[in-house]
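# Close look at the chain arrangement
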Amino acid sequence: MAEGLRAWIKRWVNLPLLIVVLVLAAYGAIIVTAVVQGYLSAASMIKKEYLGLILGAILAAGVVAVDYRRFKTWWLGFLVMAGILLFLPKIPGLGVTGGFGGTLWVGIGRTALFQPSEPAKLLTILAVASYIARFEGRIERLRDFLKAVCIACIPFALLIIQGDLGTGLVTLAIMLGILLVGGANPRHLLIFIVVGIALVAGLLWVNTKWTYMVTPKDGSKPYVEHHLIKNYQLDRLTVFVNPGGDTSSAGYQLQQSKIAIGSGQFTGTGLSKGTQATLNFLPTRHTDFIFAAMSEKVGFVGGLFLMALYLALLLVSLSISGGAEDLFGTLIAVGIISMWLFQILENIGMNMGLMPITGIPLPFMSYGTSALMTNLVCVGVLGSIWSHRPYLAATKGTIRRGISYQNY
C-alpha cells in the first residue's frame, strides 16, 4: 500500500511545485484577509477569496490528470474561446462596469461574477503555443512569424477595446516569451519590437489630437477627454515619471503606496495594524496595491519571503519547461512563466514607483477569484506537463512519445 502510494505520488505529483504553491496561496490568503479588514463587505470578500481558492485547487487537480498533448493542434479553438470570453462583457445585460468606467466583468445586474480576461490569458498561452509548436523550433518565414503575432494580437486588441490595457500588455509579454523560445528569427523579433514602439508613439500622438469635451453631470467645470486612451489611463501610465505632479488619483495612489512600503520598515507593523491600509489611505489596497499593503504589515522580511517564493515558483516552472516531452509542453510552460514574471515585475515595480501603474494583479496575492483560479489552473497545466514527461513505462520498458506534426 505504502509503496503504491509513493509510486502514485512520484508519477502524478511534482512535490516542489505543490509545496511552493501551497505556501504561496496560504500566504496570499492570510494577507488578503488582513488587508480587506475595514471594508464594509470584508466578510463577503474573504468568503469569495477562499471559495476561489478551493474551486481553483479542485480544477487544478483535475487538469493535472488531463494529457495536455491531446490539445496540441487546437490553436484555433483556443483563440475562438478567448475571443468569446473577451466579448461577453459587451453583451447587454452581462457586462458589469468597474470603478474606472471599464466594463471588464460578467455578472448579474451590478454583481460581478468573474473577469473573462483572466482565463483568456491562459487560452492565449495555449493558442500561441499550439500554433508555434508546429514549426518544431524554427520559424523562418516572415508570414509564419506574422501569423503567430496576429494570434496573440487578437486578444490584445479586444482587451484594448475594453479599456484593459494592463491585461493587454500581459498578452504581449506571453507572446514574446513563447516566440523567443519557439525559434522566431531574431531579425523578425527586432523589427516587431521597433515597429511596436513606433506604433505606440503614433498612438499617443493621435490620442493628443482626437479629443472631445465632457460636461460632468454634477455641474463642475467641463474638461477635455481623449478618445483612444482615457485621461485616467494616461495618468496611471505617466505618473511614475513625475509622482509629485499629480496629487489626486494615480499620483495620490503612488504616494500612499510608497508611504505604506516605507512605514513597514524591517518587520512590519503587524497584520491588524498600520495606517495606510487599515485607515483606508491606500486605494485598491487589496488588488493593485496589495504589495504595498503587505509590506506595511509584514515589512521587508515579509516582502523578501514573497520574493523567495516567487523565485522558487519560477525556477520549478522553468525546470518543468526544460523537462517537457515535446515543444508544445515547453512553450506552454514558457508562456505561463512569462505571464507570471511580467505581472510580478510590473505590479511590484508600480507599487514602488518604478513602473507605470497598469492595474495588473500580483499572482496569488491580489484579491480576485478569477485571477486566483486562473493561476491555480495554470499550476495544474504545469503539473500535467510534468506528469506526462518522458519516462520509462514500468510495464513495457518503452519511452512514451507525443503526437507527431508530420500530417498537420
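First things first, this report covers the structure right here in the doc.

Rules behind the numbers
Residues numbered from 1 in each chain as written. Predicted model: local features only at pLDDT ≥ 70, side-chain atom pairs only at ≥ 80, totals over all residues. Heavy atoms only, no water. Disulfide = S-S within 2.5 Å. Helix = DSSP H or I, 4+ residues; strand = E, 2+ residues; numbered from the N terminus. Contact = heavy atoms within 4.5 Å. Salt bridge = Lys/Arg side-chain N within 4 Å of Asp/Glu carboxyl O. Buried < 20%, exposed > 50% of the residue type's maximum accessible area, 1.4 Å probe, protein only.

## Some remarks on the state of the cysteines
The term disulfide refers to a covalent linkage connecting the sulfur atoms of a pair of cysteines. Throughout the structure, instances matching the rule amount to zero disulfides. For Cys150, which is in no disulfide, the shortest distance to another cysteine sulfur is to Cys153 and amounts to 6.3 Å.

## As for the environment of Ile344
Here Ile344 is to be found in helix H12 (residues 327-352). Expressed as a C-alpha distance, the spacing of Ile344 and Met307, which sit 37 residues apart in the sequence, is 9.3 Å. If sequence neighbours within four positions are ignored, Ile344 has contacts with Tyr310, Leu362 and Pro363.

## Topic: the pattern of salt bridges
In total, this model carries six salt bridges according to the counting rule given. Measuring nitrogen to oxygen at the nearest pair gives 2.7 Å for the salt bridge that ties Asp67 to Arg69. Exposure class is identical for Asp67 and Arg69. Each is buried. With a closest N to O distance of 2.9 Å, Lys121 and Glu118 form a salt bridge. Of this pair, Lys121 and Glu118 both sit in helix H5 (residues 117-133), three residues apart, roughly one helical turn. With a relative accessible area of 3%, Lys121 lands in the buried category. A single salt-bridge network, built from bridges that share partners, covers Asp67, Arg69 and Glu325.

## Examining unusual backbone geometry
You will see that Glu136, though not glycine, has its phi angle at about 55 degrees, which is positive. The residue Glu136 is located in the loop between H5 and helix H6 (142-162) in this model. On the basis of relative accessible area, Glu136 is assigned to the exposed category, the value being 52%. Phi at Phe364 takes a positive value of approximately 65 degrees, unusual for a residue other than glycine. Residue Phe364 is classed as buried on the basis of its relative accessible area, which comes to 3%.

These values are about where atoms sit, not about what they do.
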